[in-house]
Amino acid sequence: QVQLVESGGGLVQAGGSLTLSCAASGRTFTYYAMAWFRQAPGKEREFVAAVSWSGGMKYYADSVKGRFTISRDNAKTTVYLQMSSVKIEDTGVYYCAADPASASLIATTKIDIEYWGKGTLVTVSS
């Protein structure tokens, strides 16, 4: 069983920075691609970023490229999402996800994610 717990969400001013963390439990963490999704009020959940199990391959949604950075520390079984130059439209609930599929597949194909965190709210103010 893999459990995911997000943290780091909160209120941040537009143009500022915020870093989200996702702590994972389970020995299989190393073999799972990890990803972040988000859902704004009234909108569908959308892909944000993904990273391969080795950490060597990363993928981002066009809307966050150049502003967000995903990384993972397998020794700490933790995944991070560093958010910079945040915009009001970045507001939403951010979900950590884990899946045995490749990070590329998660980023480009609509698939059923194996494990989800409960989410952490990020609110960007003007």
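Relevant structure appears above.
The sections below set out a description of the structure shown in this document.

About the thresholds
Residues numbered from 1 in each chain as written. Predicted model: local features only at pLDDT ≥ 70, side-chain atom pairs only at ≥ 80, totals over all residues. Heavy atoms only, no water. Disulfide = S-S within 2.5 Å. Helix = DSSP H or I, 4+ residues; strand = E, 2+ residues; numbered from the N terminus. Buried < 20%, exposed > 50% of the residue type's maximum accessible area, 1.4 Å probe, protein only. Contact = heavy atoms within 4.5 Å. Phe/Tyr/Trp six-rings, centres within 6.5 Å; stacked < 30°, edge-to-face > 60°. Lys NZ or Arg CZ within 6 Å of the ring centre and 35° of its normal. Polar contact = N/O pair within 3.5 Å; in protein donor to acceptor, adjacent residues only side chain to side chain.

## As for the state of the cysteines
Piece 1. As enumerated under the stated definition, the model contains one disulfide in all.
Piece 2. The partner cysteine of C22 in its disulfide is C96, sulfur to sulfur 2.1 Å. Where C22 bonds to C96 through sulfur, the torsion about that S-S bond is close to -85°, and the disulfide is left-handed. Taken as a pair, C22 in strand β3 (residues 18-25) and C96 in strand β9 (residues 92-99) lie far apart in primary sequence, 74 residues in all.
Piece 3. C22 gets classed as buried once you look at its relative accessible area, which sits at 0%.
Piece 4. Owing to a relative accessible area of 0%, C96 belongs among the buried residues under this scheme.

## What to know about the side chain of T120
Piece 1. Looking at the secondary structure, you find T120 in strand β11 (residues 120-125).
Piece 2. Note on T120: relative accessible area 11%, which makes it buried.
Piece 3. If near-sequence neighbours (up to four positions away) are discounted, T120 is found in contact with E6, S7, G8, G9, L20, G92, V93 and Y94.

## Comments concerning the packing of aromatic side chains
Piece 1. Following the criterion strictly, the structure yields five aromatic pairs and no others.
Piece 2. For the pair Y31 and W53, a centre-to-centre distance of 6.4 Å together with 35° between the ring planes defines the contact as tilted. In this pair, Y31 is assigned in the loop between β3 and β4 (33-39) and W53 in the loop between β5 (46-51) and β6 (58-60), connecting sequence segments 22 residues apart.
Piece 3. Relative to W116, the ring of F37 has its centre 5.1 Å away and its plane inclined at 65°; by these criteria the two rings are edge-to-face. Of this pair, F37 sits in strand β4 while W116 sits in strand β10 (residues 115-116), placing them 79 residues apart in sequence.
Piece 4. By relative accessible area, W116 is classed as partly exposed at 33%.
Piece 5. Joined through ring pairs, the aromatic side chains of F37, F47, Y95 and W116 make up one cluster.
Piece 6. Over the ring of Y95 we find R45, and its NZ or CZ is 4.0 Å from the ring centre.
Piece 7. Across from the ring centre of W116, 4.5 Å away, lies the NZ or CZ of R45, which sits over that ring.

## Brief notes about unusual backbone geometry
Piece 1. Within the chain, T77 stands out as a residue other than glycine whose phi angle is a positive 50°.
Piece 2. With respect to the secondary-structure elements, T77 resides in the loop between β7 (68-73) and β8 (78-83).
Piece 3. Given the relative accessible area of 24%, T77 is considered partly exposed.
Piece 4. Unusually for a residue other than glycine, S85 sits at a positive phi of about 50°.
Piece 5. As for its position among the elements, S85 is in the loop between β8 and β9.
Piece 6. Note on S85: relative accessible area 42%, which makes it partly exposed.

## So, the environment of Y60
Piece 1. If you trace the backbone, Y60 turns up in strand β6.
Piece 2. Taking the C-alpha atoms as reference points, Y60 and T108, separated by 48 residues in sequence, lie 10.0 Å from one another.
Piece 3. Among the polar contacts made by the side chain of Y60, one reaches the main-chain amide nitrogen of I70 at a distance of 2.9 Å.

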